[in-house]
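# Coordinate analysis (summary)
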Amino acid sequence: MMDISGVNMGKKVVNVIANQRRYFKCISYGCRAKKRVERAATDPKVVVTSYDGKHNHDLLVAKSSIHDTVIAENSANFVSFPPRSLKNVQDAELNIGCPRFNSLSVDEAFTDTSAFVRPVNTCVPISASTDYDVVIMYERGDICNDDFISHLRASLCRRGISVYEEFNVVDAVPECNVLIIVLTSTYVPSNLLIILDHQQTDDRVVYPIFYKLSPYDFISNKKNYERFFLQDEPSRWQAALDELSQMPGYTLTDKSESELIDEIVRDVLMVLCSKDEVNMIGMDMQVEEILSLLCIESLDVRSIGIWGTVGIGKTAIAEEIFRKISVQYETCIFLKDLHEEVKVKGHDAVREEFLSRVLEVEPHVIRFSDIKTSFLRSRLQRKRVLVILDDVNDYRDVETFLGKLTYFGPGSRIIITSRNRRVFVLCKIDHVYEVKPLNTSNSLLLLNRGTHSVLLPEVYSALSLELVRFSNGNPQVLNFLRNREWQRLSQQIQKTSPIYIPGIYERSCCGLDDYERSIFLDIACFFRRMDKDNVAMLLDGCGFSAHVGFGNLVDKSVLSMSHNLVDMHSFFQATGREIVRQESQWPEYCSRLWNQEDIVDIIIHDKGTSAIEAIFLDMSKLKFDANPNVFEKMCNLRLLKFYCSEVIENRGVLLPQGLEYLPSRLRLLHWEYYPLSTLPRSFDPRNLVELNLPSSCAKKLWKGKKCLEKLKKIRLSYSDQLTKIPRLSSAPNLELLDLEGCNSLVCISESISDLKKLVFLNLKDCSKLESVPCMLDLKSLEVLNLTGCSKLENFPEISPNVKEVCMGGTMIQEIPSSIKNLALLEKLDLENNRHLKTLPTSICKLKHLETLNLSGCTSLDRFPDLSRRMKCLRFLDLSRTSIRELPSSVSYLTALEELRFVDCRNLVRLPDNAWSLRFKVEFRQIDTEKFSRLWNKFGWLKKVQIS
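Residues numbered from 1 in each chain as written. Predicted model: local features only at pLDDT ≥ 70, side-chain atom pairs only at ≥ 80, totals over all residues. Heavy atoms only, no water.

### Considerations on the overall build of the protein
When its secondary structure is counted, the protein shows 24 helices and 36 strands. Of all 947 residues assigned to the protein, the portion counted as buried reaches 53%. Nonlocal contacts in the protein, meaning residues at least 24 apart in sequence, comprise 58% of its contacts between residues at least 6 apart. About 42400 Å² of surface is accessible on the protein, with carbon and sulfur atoms providing 47% of the total. (Helix = DSSP H or I, 4+ residues; strand = E, 2+ residues; numbered from the N terminus. Buried < 20%, exposed > 50% of the residue type's maximum accessible area, 1.4 Å probe, protein only. Contact = heavy atoms within 4.5 Å. Areas by Shrake-Rupley, 256 points an atom, 1.4 Å probe, with all protein chains shown as cover.)

As structure tokens, then:
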């Protein structure tokens with residue numbers, strides 16, 4: 001133990017942090033105290049800790065080994081502190097300086113949650129293969145007051161470089177990345193020969209500093225070093241001195257010490273960064289793209305956001321960029337896992353520590369809340385800084401000091417990584433870069449690296465591709481998969497079983513509010529790759545504000561939207577299902593159920609509970625009975641879907657004793673092959689959003705009037721026993737009514753005219769339907785399908801806003817001239833209307849009509865003479881009609897792309913001016929002799945098909 005109690009510390013703060021490698025970092029104020037403390041600290045067994053400047057007492061600190069307890073004496077009291085491990089020291093500090101990556105193989109580098117490099121703390125970076133980054137060798141007392149050494153050491157420490165001072169060890173070669181030898185007129189290290197011998201084989205850089213002399217003077221004054229020459233090796237010593245004088249180094253004569261120290265620090269950083277290179281598989285191009293966005297040479301203050309999903313490599317890319325460019329900045333700050341830092345320390349503590357690093361003062365010396373903005377701005381505007389804020393997944397994490405980022409001086413750069421794109425908007429980031437997943441080849445390279453398999457090559461290759469598809473190019477997922485049993489993983493993926501992936505699971509719901517979390521879990525369990533609007537309708541019915549939630553989840557890299565489908569990566573789906581599975585070890589106490597075995601067990605043994613919110617069951621290969629009160633305990637059930645992924649007869653959930661109860665909280669009731677003739681009398685559908693009973697045995701839904709305020713879709717298709725539908729005036733929000741194939745349905749209630757929001761009405765193949773109500777008041781109606789209504793004789797009165805009308809296979813004989821009122825009509829399908837004889841000439845007033853299908857209208861023998869151009873009609877099918885010729889006004893069809901004459905046996909000729917239109921004409925099953933005089937004109941057409 002060494003007593004340094006005589007040091008008068010004054011009112012300033014001395015803070016020296018020790019690590020397990022006997023490394024210390026000293027930042028002190030007051031010259032005399034500083035020198036004494038530094039000299040005391042040169043003993044590796046002494047560690048100086050912080051001193052309270054408010055008390056003018058002596059400080060006694062001693063440490064006999066890295067495992068001993070630190071004893072501090074303040075006044076007459078002794079306080080015992082447990083030794084802080086390196087990890088604890090690092091956790092207590094904000095990252096500052098150049099991030100140091102441990103000496104890792106590529107395989108080891110991919111074991112981190114960042115997928116590329118291990119977590120790094122840049123305050124006290126210690127290499128795995130060396131004790132220190134830098135060792136300084138000099139003769140104590142040989143340099144004036146040791147000021148140069150102390151200033152050099154302090155500058156290196158400020159940049160996060162670990163330093164140790166070596167005092168002329170005779171035989172050992174210091175373990176370090178950079179060895180600095182301070183040469184004077186009287187000093188060279190006694191182990192110089194050993195150092196230079198190892199220089200040929202060790203990965204170590206040696207920098208000589210010629211202190212107060214030139215390299216020439218160093219060689220000229222070799223007599224001062226003769227005491228080191230061995231009698232039998234003078235030539236080796238002479239060669240060593242010559243070699244040392246010619247090595248890249250530094251000369252301190254008249255040059256400013258501060259300039260020289262800055263140069264040394266820059267060179268050391270470049271050496272350390274070059275030793276930290278990590279093979280960024282498939283990411284090098286993205287690093288270069290971000291560097292180009294940074295425009296390092298520009299003097300403006302620029303900010304870049306790095307956005308991407310969990311495990312995609314945002315932090316690894318940020319660290320690689322930091323490694324490449326940090327040397328060019330006087331102050332570099334890397335705050336890693338900021339979200340966790342704020343969670344542990346609080347916003348105020350993180351802000352003050354951040355600003356203390358920027359201003360290079362110790363925390364708590366000055367309360368930054370008391371600093372005037374003008375003073376802070378003037379200090380920061382003089383600094384060219386590089387700041388990286390990693391994992392900022394909530395704007396509130398940085399809002400307390402975000403404004404200070406705009407104070408930085410010319411050339412400063414700010415980089416923020418986040419999973420939440422909204423953060424970049426609120427932070428007013430200049431550019432946002434989305435990190436892209438690895439492509440297939442790079443994914444296979446990472447997955448197969450270090451993997452030794454006994455599988456057959458073709459099996460190994462197939463499994464590799466399957467795992468790559470599952471990972472979607474996510475490095476963290478790939479890294480997890482490559483260390484597991486592939487065949488078992490493949491079985492889990494094929495069964496869509498949850499696969500626990502550390503890091504992905506813990507952070508999937510990080511930052512999500514309750515509604516976003518519910519949306520995420522519903523999509524992961526049930527709605528992946530489904531139509532966005534349909535999913536939103538159901539989730540809105542559950543009170544989740546789906547479209548807002550979708551946008552937030554996309555911004556947070558959890559969801560993706562493409563082709564109007566809600567989608568998420570396979571590993572996110574597996575993660576969501578794992579979250580639900582961990583709600584309870586008993587399935588009946590989990591909120592969402594999709595596993596067949598679990599659901600069947602709960603239904604058969606009546607294990608339902610109020611915890612169950614949703615059930616989706618594929619009944620394709622199941623057949624079992626349920627009791628009448630099977631849903632009575634599931635009072636919170638909001639989504640119920642019994643469906644068949646493949647059609648297999650005589651399968652499903654049977655109700656031999658009927659059904660007494662359905663929960664009133666149901667938003668979705670989807671039950672294919674529903675076995676009963678009606679829904680339970682007690683069922684209150686006031687919360688129902690979608691009712692799907694396709695191919696059911698229902699004859700009617702219920703008796704009397706029910707509140708259907710929230711109902712938007714009814715699908716009863718192919719319920720061939722259905723004779724009537726209820727009055728729908730109590731369903732003002734209904735948008736879709738699908739009764740296709742209900743061939744026992746005789747009439748439609750007049751109440752259908754009250755459905756002002758109805759968009760889609762499908763009555764296809766309702767073969768007993770003789771008439772339909774007036775639909776002029778259905779202002780929202782866009783699609784009307786009456787195809788196959790074989791007893792329908794009259795063209796119905798339809799809303800002028802309709803866009804598509806299909807009336808094939810009916811008994812109608814003519815189309816009324818009032819069809820011109822369908823101003824928005826785009827498609828008119830009259831296929832197989834065998835009684836249709838004429839079309840009105842007013843049809844040319846359908847200025848938006850694109851498709852007109854008259855095929856199979858065998859009684860139609862004339863196409864109407866058009867009085868105006870039809871600029872939108874692209875497809876005209878006259879196949880299997882009795883038409884003999886087309887009028888010359890067919891040239892008014894200026895947009896026509898395809899004209900079909902399949903099996904038009906009565907067709908004699910086409911007008912000459914028709915050939916000026918460059919459309920495709922299809923002739924099949926016709927008498928080509930009638931067209932012999934037209935062959936020479938077919939060259940004008942785009943395409944002619946004749947058979």
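Now that the structure has been shown, the text picks up again.
### A short note on the packing of helix α9 (residues 284–294) against helix α10 (residues 314–325)
Two elements in contact, α9 and α10, have axes separated by 10 Å at closest approach and are oriented at 60°. Here α9 is positioned oblique relative to α10, judged by the angle of their axes. Considering how the two elements wind past one another, α9 and α10 form a crossing that is right-handed. Residues Q286, V287, E288, I290, L291 and L294 of α9 pack against I317, E320, I321, K324 and I325 of α10. (Axes fitted to C-alpha atoms, helices over the stretch in contact; angles between N-to-C directions. Parallel < 35°, antiparallel > 145°, perpendicular 65-115°, else oblique. Left-handed = near helix turned anticlockwise from the far one by under 90°.)

### Some points on the packing of aromatic side chains
Applying the stated rule across the entire model yields 15 aromatic pairs. For the pair F527 and F616, a centre-to-centre distance of 5.7 Å together with 80° between the ring planes defines the contact as edge-to-face. Placement of the pair is F527 in helix α20 (residues 514–527) and F616 in strand β20 (residues 614–618), with a sequence separation of 89 residues. F616 shares its class with F527; the two are buried. Three or more aromatic residues joined by ring pairs form one cluster here, namely F631, F642, W671 and Y674. A cation over a ring is seen here: K212 above Y211, with NZ or CZ 5.7 Å from the ring centre. A cation over a ring is seen here: R384 above Y329, with NZ or CZ 4.2 Å from the ring centre. (Phe/Tyr/Trp six-rings, centres within 6.5 Å; stacked < 30°, edge-to-face > 60°. Lys NZ or Arg CZ within 6 Å of the ring centre and 35° of its normal.)

### Quick look at helix α23 (residues 570–581)
Between the first and last C-alpha of α23 there are 16 Å, a value that for 12 residues agrees with the 16 Å anticipated at 1.5 Å per step. The buried fraction of α23 amounts to 11 of the 12 residues, a majority that puts the element mostly inside the structure. Buried within α23 are the following residues: S570, F571, F572, Q573, A574, T575, G576, R577, E578, I579 and V580. On its buried face, α23 is in contact with α16 (457–471), α17 (475–482), α19 (504–508), α20 and β19 (592–593). (Expected span 1.5 Å × (residues − 1).)

### Things to note about the sheet that holds strand β14 (residues 413–418)
Spatially, 5 strands are ordered β12-β13-β14-β11-β15 in an open sheet, and the strand pairing comes out parallel. Sheet topology places β12 (331–335) and β15 (431–434) at the edges, where each strand pairs with a single neighbour. Taking the axes of each pair of neighbouring strands and ignoring which way they run, one obtains an average angle of 15° across the sheet. Here β12 pairs with strand β13 (residues 385–389) via 5 bridges, running parallel. The partner of F334 across the bridge, within β13, is I388. (Pairing = 2+ DSSP bridges.)

### Looking at the pairing of β20
In terms of burial, β20 is a largely internal element, 5 of the 5 residues being buried. Side chains A614, F616 and D618 of β20 all project onto a buried face; the interleaved residues I615 and L617 project onto the opposite face, where all are buried too. As paired elements, β19 and β20 share 2 bridges and run parallel to each other. Residue pairing in the sheet places L593 in a bridge with I615 of β20.

### Quick look at the packing of α16 against α17
Two numbers describe how α16 lies on α17: the axes approach to 9 Å, and their chain directions differ by 145°. Every pair of crossing elements has a handedness; the one defined by α16 and α17 is right-handed. Here α16 contributes L467, V468, F470 and S471 to the contact with α17, which in turn contributes V477, L478 and L481. Residues that form the contact of α16 with α17 fall into these classes: 6 nonpolar, 1 polar and no charged. (Nonpolar A, V, L, I, M, F, W, Y, C, P; charged D, E, K, R; others polar.)

### What about a positive patch on the surface?
Positive charge collects at one region of the surface, where K820, K845, K847 and R868 lie side by side. Note that K820 resides in the loop between β30 (804–806) and β31 (827–829). Residue classification places K820 among the partly exposed residues on the basis of a relative accessible area of 38%. (Patch = residues over 30% accessible without salt bridge, like charges linked within 9 Å, V, L, I, M, F, W, Y side chains within 5 Å. Salt bridge = Lys/Arg side-chain N within 4 Å of Asp/Glu carboxyl O. Lys, Arg positive; Asp, Glu negative; His and termini not counted. Charge placed at Lys NZ, Arg CZ, Asp CG, Glu CD.)

### Let's talk about the pairing of strand β8 (residues 176–183)
Among the 8 residues of β8, 8 are classified as buried, and the element is accordingly described as predominantly covered. Alignment of strand β6 (residues 132–137) against β8, held across 5 bridges, turns out to be parallel. Considered in β8, the bridge of Y132 is made with C176. Relative to strand β9 (residues 205–211), β8 runs parallel, the two sharing 6 bridges.

### Describing the environment of L654
With respect to the helices and strands, the residue L654 is situated in strand β23 (residues 652–654). Residue L654 is classed as partly exposed on the basis of its relative accessible area, which comes to 28%. Taking C-alpha positions, L654 is 8.9 Å from L676, a pair spaced 22 residues apart along the chain. Those residues in contact with L654 that lie beyond four places of it in its chain are K623, F624, D625 and A626.

### A word on helix α7 (residues 234–246)
Between its terminal C-alpha atoms α7 stretches 19 Å, which fits the 18 Å expected from 13 residues at 1.5 Å a residue. Looking at the buried side of α7, the elements it contacts are β8, α5 (192–199), β9 and α6 (215–220).

### As for the sheet that holds strand β18 (residues 565–567)
What the 3 strands build is an open sheet, ordered β16-β18-β17; its pairing is antiparallel. Looking at which strands have only one partner, the edges of the open sheet turn out to be β16 (530–531) and β17 (560–562).

### Considerations on the pattern of salt bridges
For the structure shown, the criterion picks out 28 salt bridges. Its salt-bridge partner being E831, residue R880 comes within 3.8 Å of it at the nearest N-O pair. Of this pair, R880 sits in the loop between β33 (875–877) and β34 (898–902) while E831 sits in the loop between β31 and β32 (851–853), and the two are 49 residues apart along the sequence. Taken together, the salt bridges that share partners define one network made up of D522, R592, E613 and R638.

### Brief notes about the environment of Y164
In this fold, Y164 is placed in strand β7 (residues 163–166). Taking relative accessible area as the criterion, Y164 reaches 18% and is therefore assigned buried. Between the C-alpha atom of Y164 and that of C176, which follows or precedes it by 12 residues, the distance is 9.2 Å.

### Brief notes about the confidence of the model for the protein
Residues with a pLDDT of 70 or more make up 78% of the protein, whose mean pLDDT is 79. Note on residues 1–130: pLDDT is under 50 here. Beyond four places in sequence and across chains, it has 293 contacts. (pLDDT = per-residue confidence, 0-100.)

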